[in-house]
Amino acid sequence: MAAVLFPILAVVVGYFITILLKPTITSNVKLLLSFSGSFLLSITVFEFLPEVYTDKSENIGLFIMLGLICQLLLEYISKGAEHGHVHAEDSSGFPWALFIGLCAHALFEGFPIATNESLLYGIVVHKIPIAIIISSFLFASKIPMYKAILFLIGFAIMTPLGSLANQLIEPLMMYKHLINAFVVGILLHVSTTILFESSKNHQFNASKLAVILIGVIIAYFL
């Protein structure tokens, strides 16, 4: 149940932060994004990656690399929204490319969270700043409000759908270890990109270092 509710709540929290505080994509949001990236990366390295490699299949490394490549393709579609890169559009039409890229990413990251509680927390922490950034983008654009809400609803339910699919669809269950390796590749790419790109001009400052270390420490003791 947590794997269904928590990712949705993360998007709801991000939405209400945007509505109530109307944050711009300032250093505070980017620090939250850096924390989420370090936390997600640490959970992946400390917990998820070793779990994936308990399976002795020689294809594990291959599927991790396939996940990395898939995420590169998804970012080409979404323009990097998975790690906080969005820009307001003049069009009032529905941003289908952004929606498809984000939802595909969210669907994949949902596959393993029902059986890995720590990874579930990592995904939830990752989703909150992304939901803030996406909500801010949608409200700053000329997209009608109902389209923005539909976008966020679709994005919110994708991760739970991935979790449910991985539990209910037998072919997915049969290849669970390879799917998990694929998701590792996706998460490694997203989390490391967040860490390297969330500072202005890629400057590494004390505040960013502090939140990254906090994320690593919390993930280690989780």
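Here the structure is a predicted model, which is why all the values come from computation and not from measurement.

Reading the values: rules and limits
Within every chain, residues take consecutive numbers counted from 1 along the sequence as written. Totals for whole chains, interfaces and linings use every residue, but because this is a predicted model, local features are given only for residues with pLDDT of at least 70 and side-chain atom pairs only at 80 or more, for both listing and counting. Side-chain numbers come from the whole structure's heavy atoms, not from hydrogens or water. Stacked, edge-to-face and tilted are the three classes for Phe, Tyr and Trp ring pairs, Trp counted by its six-membered ring, which pair at centre distances within 6.5 Å; planes under 30 degrees apart are stacked, over 60 edge-to-face, the rest tilted. The buried label applies to any residue whose accessible area, calculated with a 1.4 Å probe on protein chains only, is under 20% of its type's maximum; exposed applies above 50%, and partly exposed to all values in between. Every angle, taken between N-to-C directions, lies between 0 and 180 degrees, and every axis is a line fitted to C-alpha atoms, over only the stretch in contact when it is a helix. Counting from the N terminus, the helices are the DSSP runs of H or I reaching at least four residues and the strands are the DSSP runs of E reaching at least two. The labels follow the angle: roughly parallel below 35 degrees, roughly antiparallel above 145, roughly perpendicular from 65 to 115, and oblique for the rest. Any two residues having at least one pair of non-hydrogen atoms within 4.5 Å are treated as being in contact. Basically, the charged four are Asp, Glu, Lys and Arg, the nonpolar ten are Ala, Val, Leu, Ile, Met, Phe, Trp, Tyr, Cys and Pro, and anything else, Gly included, counts as polar. The span you would expect from a helix comes to 1.5 Å times its residue count less one. To obtain the arc, one takes the directions from the helix axis to the C-beta atoms. Between N or O atoms, a polar contact is any pair within 3.5 Å; within protein, one atom must be a potential hydrogen donor and the other a potential acceptor, and residues adjacent in sequence are included only when both atoms are from side chains. Residues with no salt bridge and a relative accessible area higher than 30% make up the patches, which join like charges within 9 Å and nonpolar side chains (Val, Leu, Ile, Met, Phe, Trp, Tyr) within 5 Å. Reported accessibility uses the Shrake-Rupley method at a 1.4 Å probe radius. Residues are deemed covered only where the shown protein chains occlude them. Whenever Lys or Arg places a side-chain nitrogen within 4 Å of a carboxyl oxygen from Asp or Glu, that contact is recorded as a salt bridge.

(A) Representation of the packing of aromatic side chains. Tallying each qualifying case throughout the model produces 12 aromatic pairs. Taking 6.0 Å as the distance between ring centres and 70 degrees as the angle between the ring planes, the aromatic pair formed by phenylalanine 108 and phenylalanine 111 counts as edge-to-face. On the basis of relative accessibility, which here comes to 21%, the residue phenylalanine 108 falls in the partly exposed class. Following the ring pairs from residue to residue traces out a cluster consisting of Phe94, Trp96, Phe99 and Phe151.

(B) Quick look at the packing of helix H3 (residues 60–78) against helix H4 (residues 96–110). Contact geometry of H3 with H4 gives a least axis separation of 7 Å together with a crossing angle of 150 degrees. Viewed along their axes, H3 and H4 adopt a mutual orientation that is roughly antiparallel. On H4, the residues touching Cys70, Gln71, Leu74, Ile77 and Ser78 of H3 are Ala97, Leu98, Gly101, Leu102, Ala104, His105 and Phe108. Looking at the contact of H3 with H4, its residues break down into eight nonpolar, four polar and no charged.

(C) Looking closely at the environment of leucine 161. Examined against the element boundaries, leucine 161 turns out to sit in helix H6 (residues 145–168). On the basis of relative accessible area, leucine 161 is assigned to the partly exposed category, the value being 39%. Residues leucine 161 and alanine 106, spaced 55 residues apart in sequence, show a C-alpha to C-alpha distance of 9.1 Å.

(D) Local environment of helix H9 (residues 206–221). Here H9 is 16 residues long and its end C-alpha atoms lie 23 Å apart, about the 22 Å a rise of 1.5 Å per residue gives. The set of residues buried in H9 consists of Lys208, Val211, Ile212, Gly215 and Ala219. When H9 is viewed along its axis, its buried side chains cluster within an angular range of 100 degrees and face the same direction. Among the exposed residues of H9, those oriented more than 90 degrees off its buried face are Ala206, Tyr220 and Phe221. The opening residue of H9 is asparagine 205, an N-cap whose side-chain oxygen sits 3.3 Å from the backbone nitrogen of serine 207.

(E) Region of interest: a nonpolar patch on the surface. There is a patch of nonpolar side chains on the surface, built from Tyr146, Leu150, Ile153, Ile157, Leu161, Leu164, Leu168 and Ile169 and spanning about 770 Å² of accessible area. Looking at the element boundaries, leucine 150 is found in helix H6.

Interpretation note: all reported values are geometric properties and have no functional meaning in isolation.
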